[in-house]
Amino acid sequence: MPKVGKCTLLIHYLLITLCLASCSNKSSSEDLTKEIQNVSSWSATAHMVGDAWIHGAVPKKYAQKTLKKAQEEILKERDNIVKLQISQQAIQQHKTVLVSEVLLLANKTEKMSIAIAQTNRAEVQKSLEELEAESKVLNRLRKIPE
């Protein structure tokens, strides 16, 4: 069996460590992308329901129930994002901004639900516009720094 030098062992160790680190970062980025997609889907659901309620296409109870579910799911996704283990500083900062944005979306969804409970179409319309603006910010946050 050939003798392996310390330098060769060190190089192999560094290559394995580098491979593991890059796999780990890719997985974290992929997980973050998945969570952003889920939040985006629930935000779109909230928007569709609010818009449908304004146009009289869905009953108040249905709209409220759906918005409550959307808010709960958005908050679950926020918790999932918080739990992600990310080592890269740039992605960690991105994650912090993302968590704040997701919380804003959950709050806008709750605000819309309250407005529907009060049968306040003007406030629902305002909430829809705010939700749409926050959703655009979320879409910009889809690009995760390398």
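In this convention, every chain numbers its residues from 1, walking through the sequence in written order. This being a predicted model, a pLDDT of at least 70 is required before a residue's local features are given, and a value of 80 or more before pairs of side-chain atoms are given or counted; all residues contribute to the totals for chains, interfaces and linings. Note that the side-chain values use all heavy atoms of the structure and ignore hydrogens as well as water.

K.L.:
Which residues make up helix H4 (residues 121-140), and what values do they have?
P.N.:
Put simply, DSSP marks the helices as runs of H or I at least four residues long and the strands as runs of E at least two long, and each gets a number from the N terminus on. Expected span of a helix, by definition, is 1.5 Å for each gap between consecutive residues, and there is one gap fewer than residues. Between its first and last C-alpha atoms H4 spans 29 Å; for 20 residues at 1.5 Å apiece the expected length is 28 Å, and the two agree. For the exposure calls, accessible area comes from a 1.4 Å probe over protein chains only, and a residue counts as buried if that area is under 20% of its type's maximum, exposed if over 50%, partly exposed in between. Turning to H4, its buried residues are Val124, Ser127, Leu128, Glu130, Leu131, Glu134, Ser135 and Leu138.

K.L.:
With reference to specific residues and values, describe unusual backbone geometry.
P.N.:
At threonine 119, a residue that is not glycine, the phi angle is positive and equals roughly 50 degrees. In this structure, threonine 119 sits in the loop between helix H3 (89-117) and H4. Looking at threonine 119, the relative accessible area reads 46%, which means it is partly exposed.

K.L.:
A description of the pattern of salt bridges should follow, citing residues and the corresponding values.
P.N.:
A side-chain nitrogen of Lys or Arg and a carboxyl oxygen of Asp or Glu constitute a salt bridge if their distance falls within 4 Å. Following the criterion strictly, the structure yields eight salt bridges and no others. For lysine 34, the salt bridge is made with glutamate 35, and the minimal N-O distance between the two is 3.7 Å. Among the residues examined, lysine 34 registers a relative accessible area of 48% and is labelled partly exposed. We note a salt bridge from lysine 68 to glutamate 72, for which the minimum N-O separation is 3.2 Å. Here glutamate 72 and lysine 68 lie together in helix H2 (residues 60-83), a separation of four residues that amounts to about one turn. Salt bridges here are not isolated pairs; linked through shared partners, they connect Lys108, Lys111, Glu123 and Glu130.

K.L.:
Residue-level account of the packing of H3 against H4, with values.
P.N.:
Geometry is summarised by axes, namely lines fitted to C-alpha atoms with helices restricted to the contacting stretch, and by angles between N-to-C directions that run from 0 to 180 degrees. It is the contact of H3 with H4, at a shortest axis distance of 9 Å, that shows an interaxial angle of 165 degrees. What the angle tells us is that H3 and H4 run roughly antiparallel. The two elements H3 and H4 cross, and the hand of that crossing is left-handed. Note on element contacts: H4 touches H3 through Glu123, Val124, Lys126, Ser127, Leu128, Glu130, Leu131, Glu134, Ser135, Val137 and Leu138, opposite Leu98, Glu101, Val102, Leu104, Leu105, Lys108, Thr109, Lys111, Met112, Ala115 and Ile116. When residues are sorted by character, Ala, Val, Leu, Ile, Met, Phe, Trp, Tyr, Cys and Pro go into the nonpolar class, Asp, Glu, Lys and Arg into the charged class, and all the rest, Gly among them, into the polar class. Its residues placed into classes, the contact of H3 with H4 shows 12 nonpolar, three polar and seven charged. The labels follow the angle: roughly parallel below 35 degrees, roughly antiparallel above 145, roughly perpendicular from 65 to 115, and oblique for the rest. In a left-handed crossing the near helix is turned counterclockwise from the far helix by less than a right angle, and in a right-handed crossing that turn is clockwise. The criterion used for residue contact is that any of the two residues' heavy atoms lie within 4.5 Å.

K.L.:
So what's going on with the nonpolar core? Which residues, and what values?
P.N.:
To define a nonpolar core, start from buried Ala, Val, Leu, Ile, Met, Phe, Trp, Tyr and Cys residues and group those joined through side-chain atoms within 4.5 Å. If you look at the biggest cluster of nonpolar residues, it comprises 31 residues, and the most contacted ones within it are Leu32, Leu98 and Val124. Contact partners of leucine 32, with chain neighbours within four places excluded, come to Ile81, Leu84, Ile86, Ile91, His94, Leu98 and Ile144.

K.L.:
I'd like a description of the side chain of glutamate 130, backed by residues and values.
P.N.:
By the secondary structure assignment, glutamate 130 is in helix H4. Among the residues examined, glutamate 130 registers a relative accessible area of 18% and is labelled buried. Here glutamate 130 is in contact with Lys108 and Lys111, once residues within four sequence places are set aside.

K.L.:
Would you mind going over H2 in detail, with residue names and values included?
P.N.:
Helix length check: H2, at 24 residues, gives a terminal C-alpha distance of 35 Å against a target of 34 Å (1.5 Å per residue), a fit within 8%. Buried within H2 we find Ala63, Gln64, Thr66, Leu67, Ala70, Gln71, Glu73, Ile74, Glu77 and Ile81.

K.L.:
Let's hear about the packing of H2 against H3: which residues, and what values?
P.N.:
Close contact between H2 and H3 brings their axes to 9 Å; oriented N to C, the two are set at 165 degrees. Relative to H3, the element H2 lies roughly antiparallel. Read as a crossing pair, H2 and H3 show a hand that is left-handed. Across the interface between the two elements, Lys60, Ala63, Gln64, Leu67, Ala70, Gln71, Ile74, Leu75, Arg78, Ile81 and Val82 of H2 pack against Lys95, Leu98, Val99, Val102, Leu103, Ala106, Thr109, Glu110, Met112, Ser113, Ile116 and Ala117 of H3.

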